[in-house]
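Tertiary structure, described
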Amino acid sequence: EVQLVESGGGMVQAGGSLRLSCVASGFNFDDYTIGWFRQAPGKEREGVSCMRSRDGMPDYADSVKGRFTISRDNAKNTVYLQMNSLKPEDTAVYYCAAERGFFITTANMIGDYWGQGTQVTVSS
């Protein structure tokens, strides 16, 4: 059974930090690009960040560059998103997704598997 389970969301004041985790199971984690998307109320889903399989090449949306850092631990089948200097506009449900391939970016990632999401709320 394929599963992606997010955790680490919560409420934080502007300028604060959160670390999201996504634990994967049921597929060959090492062969997949793992990424994060988010969707705020009334807005379209947007790609936030992803990390390419095998070589771990990261990619970020312009809106989070310099503030967010993606990492993965293949031994634990886990991907993380460290979010610093959070802004109210970062408020959204954050989803973990996996896509098989080596040349995937935040802009073109579609996602083969998806988690259920974790809520991040940033207050001003």
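The numbering scheme is per chain: residues are counted from 1 as the chain's sequence reads. Local features in this predicted model are restricted to residues of pLDDT 70 or higher, and side-chain atom pairs are both shown and tallied only at a pLDDT of 80 or more, whereas totals for entire chains, interfaces and linings draw on every residue. Excluded from the side-chain calculation are hydrogens and water; included are all heavy atoms of the structure.

**Some thoughts on the side chain of Thr78**
You can see Thr78 is positioned in strand S8 (residues 78–83). The cut-offs for exposure are 20% and 50% of the maximum accessible area for each residue type, with area from a 1.4 Å probe on protein chains only; residues under the lower value are buried, those over the upper are exposed, and the others partly exposed. Judged by relative accessible area, which is 5%, Thr78 ranks as buried. Polar contacts, as used here, are pairs of N or O atoms within 3.5 Å; protein pairs need one atom able to donate a hydrogen and one able to accept it. Residues neighboring in sequence count only if both atoms are side-chain atoms. Here the side chain of Thr78 touches Lys76 through a polar contact of 2.8 Å, landing on its backbone oxygen. In this analysis, two residues are considered to be in contact whenever any of their non-hydrogen atoms come within 4.5 Å of each other. Contacts of Thr78, omitting those with residues within four sequence positions, involve Ser21, Cys22, Val23, Phe29, Ser71, Arg72 and Asp73. Helix and strand labels come from DSSP, where a helix needs a run of H or I of at least four residues and a strand needs a run of E of at least two; each type is numbered from the N terminus.

**Quick look at the pairing of S8**
Counting buried residues in S8 gives five out of six residues, a clear majority hidden from the surface. Being paired, for any two strands, means DSSP has found at least two bridges between them. Of the pairings in the sheet, the one linking strand S7 (residues 68–73) to S8 comprises six bridges and is antiparallel in character. Bridging from a neighbouring strand, Phe68 pairs with Met83 of S8. Linking S7 back to S8 in an antiparallel pair, the connection comprises four residues, with Asn77 at a positive phi of about 50 degrees.

**Considering the state of the cysteines**
By convention in this document, the label disulfide applies to cysteine sulfur atom pairs within 2.5 Å. The tally for this structure, following the rule as stated, stands at one disulfide. The partner cysteine of Cys22 in its disulfide is Cys96, sulfur to sulfur 2.1 Å. As the torsion about the S-S bond is roughly -85 degrees, the Cys22-Cys96 disulfide counts as left-handed. Taken together, the positions of Cys22 in strand S3 (residues 18–25) and Cys96 in strand S9 (residues 92–100) put the pair 74 residues apart, joining distant regions of the chain. Accessibility assignment for this pair places Cys22 and Cys96 in one class, buried. No disulfide involves Cys50; its sulfur sits 11 Å from that of Cys96, the nearest cysteine.

**Focus on the sheet that holds S7**
Across the sheet, four strands lie side by side as S1-S3-S8-S7; this open sheet has antiparallel pairing. Where the open sheet ends on each side, the last strands, each with one partner, are strand S1 (3–7) and S7. In this sheet, neighbouring strand axes are inclined to one another by 15 degrees on average, regardless of whether the strands run parallel or antiparallel. Only the contacting stretch of a helix is used when fitting its axis, a line to C-alpha atoms as for every element, and angles between N-to-C directions run 0 to 180 degrees.

**A short note on the packing of aromatic side chains**
Pairing of aromatic rings covers Phe, Tyr and the six-membered ring of Trp, with a centre-to-centre limit of 6.5 Å; geometry is then stacked below 30 degrees between planes, edge-to-face above 60, and tilted otherwise. Per the stated rule, a full pass over the model turns up four aromatic pairs. Aromatic pair Phe27 and Tyr32: ring centres 4.7 Å apart, planes at 70 degrees, arrangement edge-to-face. Both residues of the pair, Phe27 and Tyr32, belong to the buried class. Geometrically, the ring pair formed by Tyr32 and Tyr113 is tilted, given 5.7 Å between the ring centres and 35 degrees between the ring planes. Pair noted here: Tyr32 is in strand S4 (residues 32–39) and Tyr113 is in strand S10 (residues 113–114), with a separation of 81 residues, a long-range link.

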